[in-house]
Amino acid sequence: MRKNSALNLVWFRDDLRLADNPALVAAMEAGPSVALYILDEQSTGIRPLGGAARWWLHHALADLSEELASHGVPLLLFRGEAPEIFQKLSDELDISQVHWNRRYALAEREIDAQIKSALQNQGIEAHSHAASLLVEPWQLSNGQNQPYKVFAAFHRQILAATFRPVLEVPETQAQVEFEGEPPGVKLDQLDLLPQKPDWGEKLHAWWTPGESSAQQRLEDVLANIAENYTQERDRPDREGTSRLSPALRWGHLSPVQVVTALTKQIGQHADPEGAAALRRQVIWREFCWHLLYHFPQMPTQNFRPEFDSMDWTRAQDDELAAEFLSAWQSGETGYGLVDAGMLELWDTGWMHNRVRMVTASFLVKNLGVHWKDGEQWFWDTLVDADLASNTVNWQWVAGSGTDAAPFFRIFNPELQAKKFDPQGSYVARFAPLSAQPLVDLKESRAAALAAYAQIKDEKRQG
Ligand SMILES: Cc1cc2nc3c(=O)[nH]c(=O)nc-3n(C[C@H](O)[C@H](O)[C@H](O)COP(=O)(O)OP(=O)(O)OC[C@H]3O[C@@H](n4cnc5c(N)ncnc54)[C@H](O)[C@@H]3O)c2cc1C
């Protein structure tokens, strides 16, 4: 199938970049290399991507393919169960080594371990590398030799750690040629783009998926956003945050690149407070993955089991609960900031962090809908949908997670709007027409607190 002799494979997953990519560097140093991406939605335990994520992935793969080709590396695309694809490839190609950067969710780890041992049994070297986190989750533990559950201590420990240096893009290799068609499918055959309607078009107005655009954005952030981040970060009406979340989610940038750049700026700047606050947020991402690695049930189970008996669906019946969820999803709750957030999400595939907290709190606490329903909607609609950040943050807002906001801290969307969108320009931009309020804020708050008091009582009584 291939003209030349043995080759190395680099398996791309959540690391769609050429710079600072340890797996790519190691494979290309070892010899002629071919890259692959597998859209695996069938393997046990894998959560299929949401719609907005699929849109992002399509364009990111198109970009990655071009960039790799300009370095002599073909990108092969596959769809199906990863272990089977590797079995077929090792039958068809003369493979010497396989390299990948590690993944940290349980199902993915199990698949990777299975593939590694199958390859090794066939005499093929399989190497995994550290790339998508600052520090491997098993290398960090608190004073009791346990995983961290509290962010402040975790943050301190990360700041005290030393990270590997940022890696350069490897030198271009001689083009790898195949006899006839290379194995795999065409990008369109992955079926990642929405068809009817083609809502993906509107996302183009906001985003350009891929490594070079992410690097450009990081430059902009360092030049224009970092310095004022502390004052601006809570204002959805301004462009005060980095909007690097999709770049980090898809690995167009590694956290080592971002944190190294911010640390350099902190060292050189007379007023480094903003850059330090931004770095702290990037470390929140790291914390979420630390938690997910050590507590892999977080996407489906309350971290605090006492919340299992919580009466989440305080809406009188299932039909009403479904109506509440649907009104929230379509930005028709009658509360401007909530509706603007949900419509920003629908229009752009992204929502400001302050508004994510307000909309999530409103769904769980005022509408009495389970956090899992909100988490699933965000999973489907965010271009930065990330298993760790999404589930940990939903549980944080719901009060059921580690280091969580106490349940009784219920955001009032009207007060939040006054404080963080004082001229109402964010609401006017995304939700100019207001519906009738779906629930009364005071009453729904009281109902939420009563449900919470009940689980607290149950816990006390054992
Ligand atoms: C209910 C809820 C769900 C969320 N779901 C996701 C998700 O699926 N994917 C996701 O990347 N973020 C999620 N977040 C975290 C946060 O809202 C986004 O990371 C942030 O809004 C992205 O915008 P930014 O890049 O401008 O952030 P900045 O404020 O510029 O922060 C820089 C980077 O730090 C990281 N970060 C910032 N805040 C957090 C946080 N609270 N938790 C974890 N990482 C953080 C992100 O990678 C972000 O790009 C969620 C937050 C809430 C409250």
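Everything below is about the structure printed above this text.
Residues numbered from 1 in each chain as written. Predicted model: local features only at pLDDT ≥ 70, side-chain atom pairs only at ≥ 80, totals over all residues. Heavy atoms only, no water.

K.L.:
I'd love a proper account of the sheet that holds strand S2 (residues 33-39), names of residues and values included.
P.N.:
The strand order S3-S2-S1-S4-S5 describes an open sheet built from 5 strands, whose pairing is parallel. If you trace the sheet from one side to the other, it starts and ends with strand S3 (75-79) and strand S5 (125-129), each paired once. With strand direction ignored, the average angle separating the axes of adjacent strands in the sheet is 25°. Alignment of strand S1 (residues 7-12) against strand S4 (residues 95-101), held across 5 bridges, turns out to be parallel. When the bridges of S4 are listed, Val 10 appears paired with His 99. Its contacts with the sheet place helix H2 (residues 51-69) against S1, S2 and S3, and it is angled at close to 150° to S3. (Pairing = 2+ DSSP bridges. Helix = DSSP H or I, 4+ residues; strand = E, 2+ residues; numbered from the N terminus. Axes fitted to C-alpha atoms, helices over the stretch in contact; angles between N-to-C directions. Contact = heavy atoms within 4.5 Å.)

K.L.:
Can you break down the nonpolar core residue by residue, with the values?
P.N.:
Generally speaking, a soluble globular protein has its nonpolar side chains buried in company with each other. Judged by nonpolar contacts, the single largest core of 81 residues is most densely connected at Trp 328 and Phe 378. Of the residues forming this core, the biggest block, 11 residues, is contributed by helix H11 (residues 273-294). If we ignore the near neighbours within four places in the chain, the residues touching Phe 378 are Trp 328, Met 342, Leu 345, Met 351, Arg 356, Thr 359, Ala 385, Asn 390 and Trp 394. The next biggest cluster of nonpolar side chains, apart from the first, holds 32 residues, and it includes Ala 53, Leu 61, Val 73 and Leu 203. (Core = buried A, V, L, I, M, F, W, Y, C linked by side-chain atoms within 4.5 Å. Buried < 20%, exposed > 50% of the residue type's maximum accessible area, 1.4 Å probe, protein only.)

K.L.:
Please give an account of the environment of Phe 420 that cites residues and values.
P.N.:
Looking at the secondary structure, you find Phe 420 in helix H17 (residues 413-420). Separated by 278 residues in the primary sequence, Phe 420 and Asn 142 have C-alpha atoms spaced 36 Å apart. Setting aside chain neighbours within four positions, we find Phe 420 in contact with Asp 234, Arg 235, Pro 236, Asp 237 and Arg 354.

K.L.:
Please set out the site of the ligand residue by residue, giving values where relevant.
P.N.:
Inspection of the region around the ligand gives 28 residues, with Tyr 229, Thr 241, Ser 242, Arg 243 and Asn 353 positioned closest. Backbone polar atom of Ser 245 to an oxygen atom of the ligand: 3.0 Å apart, as the coordinates give it. For the ligand, a nitrogen atom lies 3.3 Å from a polar atom in the backbone of Arg 285. Notes on the ligand: free accessible area 820 Å², of which the protein chains cover 97%. Most atoms of the ligand, that is more than half of them, are within 2 Å of grid points of the largest pocket. Contributions of two or more residues to the shell around the ligand are made by helix H9 (245-249), H11, helix H14 (353-366) and helix H16 (387-398). (Near = heavy atom within 4 Å. Polar contact = N/O pair within 3.5 Å; in protein donor to acceptor, adjacent residues only side chain to side chain. Areas by Shrake-Rupley, 256 points an atom, 1.4 Å probe, with all protein chains shown as cover. 1 Å grid on protein atoms, 1.4 Å probe; cavity = no way out; pocket = protein on both sides within 12 Å on 5 of 7 lines; lining within 4 Å. Sits in = over half its atoms within 2 Å of the grid points.)

K.L.:
Can you tell me about the side chain of His 155, naming the residues and giving the values?
P.N.:
Position of His 155 among the secondary structure elements: in helix H5 (residues 151-160). Exposure remark for His 155: the relative accessible area of 12% places this residue in the buried category. If we ignore the near neighbours within four places in the chain, the residues touching His 155 are Arg 280 and Ile 283.

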